[in-house]
Amino acid sequence: FFFLFLFFLIIIKIKIKKQILEASRLLFNEKGVMNTTLRDVAKSMNKSYGNITYHFQTKEDVLFSLLDEMNKELIALQEIKESENLLLYFFNLPNSNYSISLEYLFFILDHLELKRNYPALFKKINVLNDNRKGIWMKILLQLKELKYFDEKVTNNDLQYIMFLSYSLRVTYFQTIELKSYNKSKYTLIVTNLLKPYLSKKGYLIYENWLESLTVSK
């Protein structure tokens with residue numbers, strides 16, 4: 001009975017922590033990280049401030065947990081089905097990435113504030129970004145081996161593609177008003193970065209992919 005009771009308490013604790021993270025995420029997106037306190041989170045949940053700090057002592061603890069959640073979702077995007085065409089997977093990637101970017105928009109919009117006020121968090125953000133970039137580079141190299149890129153494309157070009165893709169993603173969400181965000185347009189903008197580097201084989205797949213987008217509209 002004791003172990004059953006203990007298990008029940010653990011489940012409740014996990015549930016409450018998830019609720020706190022969700023409430024925090026929504027407030028960070030709505031008001032910004034620096035304009036949101038744990039008291040705001042408590043108020044939005046109709047809970048006491050002490051109830052929140054019991055699970056997360058500081059706002060930075062909340063941010064670290066949300067970063068871990070976002071990273072899990074981004075890592076999941078890098079799991080490719082064996083039956084899936086690798087280039088088509090890459091073309092469709094911005095569509096999935098868009099949803100995650102919106103879910104954790106404050107990490108993009110409050111980039112500078114996070115860098116100034118939470119150096120340890122920002123350091124972890126960079127480490128996780130670098131880890132994911134390493135995986136993306138391996139995928140780009142596979143695409144090159146499969147001759148989806150022009151034979152003149154170098155590894156430096158692939159690094160540049162990754163840099164452009166990341167920069168474009170950040171710029172899109174930072175410079176465009178929220179009401180003007182558009183998943184289809186975003187997907188096209190990011191995917192078109194690959195267009196100048198594709199081989200004839202890759203460009204044929206690109207044209208078919210583009211046609212499928214038009215038909216599905």
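Residues numbered from 1 in each chain as written. Predicted model: local features only at pLDDT ≥ 70, side-chain atom pairs only at ≥ 80, totals over all residues. Heavy atoms only, no water.

## Quick word on the overall build of the protein
Link 1 in the chain: Check the secondary structure of the protein and you find eleven helices and zero strands.
Link 2 in the chain: Listed by position from the N terminus, the elements making up the protein come as α-α-α-α-α-α-α-α-α-α-α.
Link 3 in the chain: Considering only C-alpha atoms, the protein reaches an extent of 65 × 45 × 35 Å along its principal axes.
Link 4 in the chain: Classification of the 217 residues of the protein by burial places 38% in the buried group.
Link 5 in the chain: A separation threshold of at least 6 residues defines the contact pool for the protein, and within that pool the share at least 24 residues apart is 69%.
Link 6 in the chain: Accessible surface for the protein amounts to roughly 13400 Å². Of this, 57% is attributable to carbon and sulfur atoms.
Link 7 in the chain: The average position of the 30 basic charges and that of the 22 acidic charges among the side chains of the protein differ by 3 Å. (Helix = DSSP H or I, 4+ residues; strand = E, 2+ residues; numbered from the N terminus. Buried < 20%, exposed > 50% of the residue type's maximum accessible area, 1.4 Å probe, protein only. Contact = heavy atoms within 4.5 Å. Areas by Shrake-Rupley, 256 points an atom, 1.4 Å probe, with all protein chains shown as cover. Lys, Arg positive; Asp, Glu negative; His and termini not counted. Charge placed at Lys NZ, Arg CZ, Asp CG, Glu CD.)

## Quick notes on the layout of surface pockets
Link 1 in the chain: Looking at the largest pocket, its volume works out to about 670 Å³.
Link 2 in the chain: Among the elements of the structure, helix H4 (59–76), helix H5 (86–103), helix H6 (106–109), helix H7 (111–117), helix H8 (119–145), helix H9 (155–175) and helix H10 (183–191) are those that each provide at least two residues to the lining of the largest pocket.
Link 3 in the chain: The residue makeup of the lining of the largest pocket, split by class, is 20 nonpolar, five polar and three charged.
Link 4 in the chain: Lining the second largest pocket are 13 residues, with Lys18, Leu21, Ser65, Leu66 and Glu69 sitting closest to its centre. (1 Å grid on protein atoms, 1.4 Å probe; cavity = no way out; pocket = protein on both sides within 12 Å on 5 of 7 lines; lining within 4 Å. Points joined across faces, edges and corners; volume = space filled by probe spheres on them. Nonpolar A, V, L, I, M, F, W, Y, C, P; charged D, E, K, R; others polar.)

## A short note on the nonpolar core
Link 1 in the chain: Core analysis: the biggest nonpolar cluster contains 53 residues, and Phe90, Phe107 and Phe149 have the highest contact counts within it.
Link 2 in the chain: Where this core is concerned, the elements lending two or more residues are helix H1 (2–31), helix H2 (38–45), H4, H5, H6, H8, H9 and helix H11 (200–216).
Link 3 in the chain: Looking at this core element by element, the count peaks at nine residues for H8.
Link 4 in the chain: Once you skip the residues sitting within four places of it in the chain, Phe149 turns out to touch Leu140, Leu143, Lys144, Leu158, Leu194, Tyr197, Leu198 and Ser199.
Link 5 in the chain: By size, the runner-up hydrophobic cluster in this structure holds nine residues, among which are Val170, Phe173, Tyr181 and Val190. (Core = buried A, V, L, I, M, F, W, Y, C linked by side-chain atoms within 4.5 Å.)

## Notes on the packing of H9 against H10
Link 1 in the chain: For the pair H9 and H10, interaxial distance at closest approach is 10 Å and the crossing angle is 150°. In terms of their interaxial angle, H9 and H10 are classed as roughly antiparallel. Considering how the two elements wind past one another, H9 and H10 form a crossing that is right-handed. The residues of H10 that touch H9, namely those facing Ser165, Leu168, Arg169, Tyr172 and Phe173, are Tyr186, Ile189 and Val190.
Link 2 in the chain: A class-by-class count of the residues in the contact of H9 with H10 yields six nonpolar, one polar and one charged. (Axes fitted to C-alpha atoms, helices over the stretch in contact; angles between N-to-C directions. Parallel < 35°, antiparallel > 145°, perpendicular 65-115°, else oblique. Left-handed = near helix turned anticlockwise from the far one by under 90°.)

## What about the packing of H5 against H9?
Link 1 in the chain: Between H5 and H9, the shortest axis-to-axis distance is 12 Å and the interhelical angle comes to 50°. In terms of orientation, H5 and H9 fall into the oblique class. The crossing of H5 and H9 is right-handed. Facing H5, whose interface residues are Asn97, Tyr98, Ser101 and Leu102, H9 presents Arg169, Tyr172 and Phe173.
Link 2 in the chain: For the contact of H5 with H9, the class distribution of residues is four nonpolar, two polar and one charged.

## Notes on H2
Each α-helix winds once per 3.6 residues, and so residues spaced three or four apart point in a common direction.
Link 1 in the chain: Within the span of H2, buried status applies to Leu38, Val41, Ala42 and Met45. For H2, the angular spread of buried residues about the axis comes to 100°, placing them on one side. For H2, the exposed residues set more than 90 degrees away from the buried face come down to Arg39 and Lys43.
Link 2 in the chain: Backbone geometry just after H2 places Asn46 at a positive phi near 60°. (Arc of directions from axis to C-beta.)

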